[in-house]
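Chains, contacts and geometry: an overview
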Amino acid sequence: MTCRTLSLLLAALLLPALIGCGGGGSGPSTPPAAVDLTAALRTPWPTAPVAADAGTAAALTLDENTPPQTLTQLRARLAYWTPTAAAHPDDSGAQLGLVLSLLEGAGRNASTQIGYDLFGGLTLHRLMQQGLANGSGAGILTSQALQVAALSGLPQLQADTVQTAAVNMPSPAQLALLQNSLRDYVIPVLDNAITRLGYLASRADGSVVLAPITYGGSPCHLYRVDAECLQGSLQRIRALLVMVVGVNLNYGSFDWQASLGSRDANHDGVLTPGEYAPGAPFGDVAAALWQQAGTDMHDGSALILHSIQNHHATDSAELLVMQLRRIHEADYTQLLTDTVAALAGPVTMTVVGANAAGAPQLTTSTPVNLRAMFATPPSSLRSILPTLNAVPAHPGQWAPVWDTFPSKTLMGLFSDQTKVKQLFADNHYAKCTFTYGAFSFALSVPIWL
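Residues numbered from 1 in each chain as written. Predicted model: local features only at pLDDT ≥ 70, side-chain atom pairs only at ≥ 80, totals over all residues. Heavy atoms only, no water.

Considering the sheet that holds strand β3 (residues 270-271)
Read across the open sheet, the 3 strands follow the order β3-β6-β7; overall the sheet is antiparallel. The sheet is open, and its two borders are formed by β3 and β7 (398-400), each paired with just one other strand. Bridge count between strand β6 (residues 388-390) and β7: 3 bridges; the pairing is antiparallel. Each bridged residue has a counterpart across the sheet, and for L388 the counterpart in β7 is P400. (Pairing = 2+ DSSP bridges. Helix = DSSP H or I, 4+ residues; strand = E, 2+ residues; numbered from the N terminus.)

Considering the side chain of N109
Within the element layout of this structure, N109 appears in helix α5 (residues 92-114). What makes N109 buried here is its relative accessible area of 6%. In terms of polar contacts, N109 uses its side chain to reach the backbone amide nitrogen of A34, at 2.9 Å. In this structure N109 touches A33, A34, V35, L37 and Y185, once residues within four positions along its chain are discounted. (Buried < 20%, exposed > 50% of the residue type's maximum accessible area, 1.4 Å probe, protein only. Polar contact = N/O pair within 3.5 Å; in protein donor to acceptor, adjacent residues only side chain to side chain. Contact = heavy atoms within 4.5 Å.)

Topic: the confidence of the model for the protein chain
With 84% of its residues at a pLDDT of 70 or more, the protein chain shows a mean pLDDT of 84. Helix α2 (residues 38-41) holds the highest mean pLDDT among the elements of the protein chain, 98, whereas helix α1 (residues 4-11) holds the lowest, 33. (pLDDT = per-residue confidence, 0-100.)

Description of the sheet that holds strand β9 (residues 439-444)
Judged by pairing direction, the sheet is antiparallel, and its 4 strands sit side by side in the order β5-β4-β8-β9 without closing on themselves. Each edge of the sheet is formed by a strand with only one pairing partner; in this case those strands are β5 (360-368) and β9. In this sheet, adjacent strand axes meet at a mean angle of 20 degrees when their direction is disregarded. As defined by bridge partners, strand β8 (residues 431-436) adjoins β9 across 6 bridges and the pair is classed as antiparallel. (Axes fitted to C-alpha atoms, helices over the stretch in contact; angles between N-to-C directions.)

A word on the packing of helix α3 (residues 54-65) against helix α4 (residues 71-87)
Interaxial distance between α3 and α4 falls to 12 Å at its minimum, and their mutual angle equals 150 degrees. Considering their axes alone, α3 and α4 lie roughly antiparallel with respect to each other. Classified by chirality, the crossing of α4 by α3 is left-handed. From α3, G55, T56, A59, L60, L62 and D63 reach across to α4, where they touch R77, Y80, W81 and T84. In terms of residue class, the contact of α3 with α4 is built from 5 nonpolar, 3 polar and 2 charged. (Parallel < 35°, antiparallel > 145°, perpendicular 65-115°, else oblique. Left-handed = near helix turned anticlockwise from the far one by under 90°. Nonpolar A, V, L, I, M, F, W, Y, C, P; charged D, E, K, R; others polar.)

Brief notes about α4
For α4, built from 17 residues, the straight-helix expectation of 24 Å at 1.5 Å per residue is met to within 8% by its first-to-last C-alpha distance of 24 Å. Taken as a whole, α4 has its buried residues at L74, R77, L78, W81, T82, T84 and A85. Where α4 is buried, its residues meet α2, α3 and α5. (Expected span 1.5 Å × (residues − 1).)

Considerations on the environment of R203
Assignment of secondary structure puts R203 in helix α8 (residues 172-203). Taking the C-alpha atoms as reference points, R203 and T47, separated by 156 residues in sequence, lie 7.0 Å from one another. Sequence-distant contacts of R203, defined by excluding residues within four places in its chain, comprise T47 and P49. Here T47 takes part through its backbone oxygen, which lies 3.4 Å from a polar atom of the side chain of R203.

Shown next as structure tokens:
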């Protein structure tokens, strides 16, 4: 196998559906923002939130049913919500309308560089749907984090999007511009929106309908727990984005299309990481961002779980109740319970190793500590790469040398080194699936196999 796996994923960065990128601290600056969010971001927090008045409830109903489609419409909504929330910061409807406009503006500002409007047509319903969707769940995010760490893939903002490589490889400068757009335009706005929703979720009266609106001609009620679910949804989105910008992908002049065999210049059948992977700063990790990704995955899932456990089951018009009708509530509650436990510390997981055809080849169990992997990331992903030896019986294949694994626990993920050796050195599984209760994640074949 060659380095083509990662090169194809890097190439797909230029497709409309973004695959996450990393860049260095330097690189081309992002272009001027199309939507000025300065005043909106400075609007006071809702420190003592109360129910929306009739005017803001009506305006929020308008946004929920007909979100802005054009730049002019978006600017008009911001021109309404910014002074309204500034004058009445405790009006929950004003804060919810401001959150939607902020996110829409952030998506629009970044869309020129990433080729995709992250929050286009956003509504409270759609945001909660995203939070409750399996595609945005912690299992998917965990799989993507491990793919990045193994240098066998990059995180996708749309987990269900099939990527191709029918485009040229983006340059390091293009990658940096994409990463900078997320860092400069999107993540600060997410921080702001999460904080606003956090005030509503923690300080409002739990029995009060904070935003009585109408959606599709039917009543829709938002309570404190609905704000909490929306907050958790945004935290899980932020987990992905900070993971995206937390890894440097400045690969310099490295040729991704070259086969591993062609990199063995002295033909000794041995490849060091310096021979088969790009040099520094490629793979450098911003520890604070990687740590935040782990925290957001856990805390976001915990917030959604708490909101489901405390929703107003007797109010059929509550937004969360309406969304829970779309899924099996008991099963989803169990999934979140197991997710929070798996992200909090060591748990024993069942592991299934499968071949390229998907047929199981091994079933075993081992302790897994996802928290440790995020809490203490390496300074560079290059530092966890092993030396590779050619496999004489299978020309073109290369196998990792166990004695050269710099981290035999794979960033603290595993405490049992014999399992690491079994899963990632002695055997060449195309995919390993890890399961704890209803929670699971997968790790596909690393780039070096």
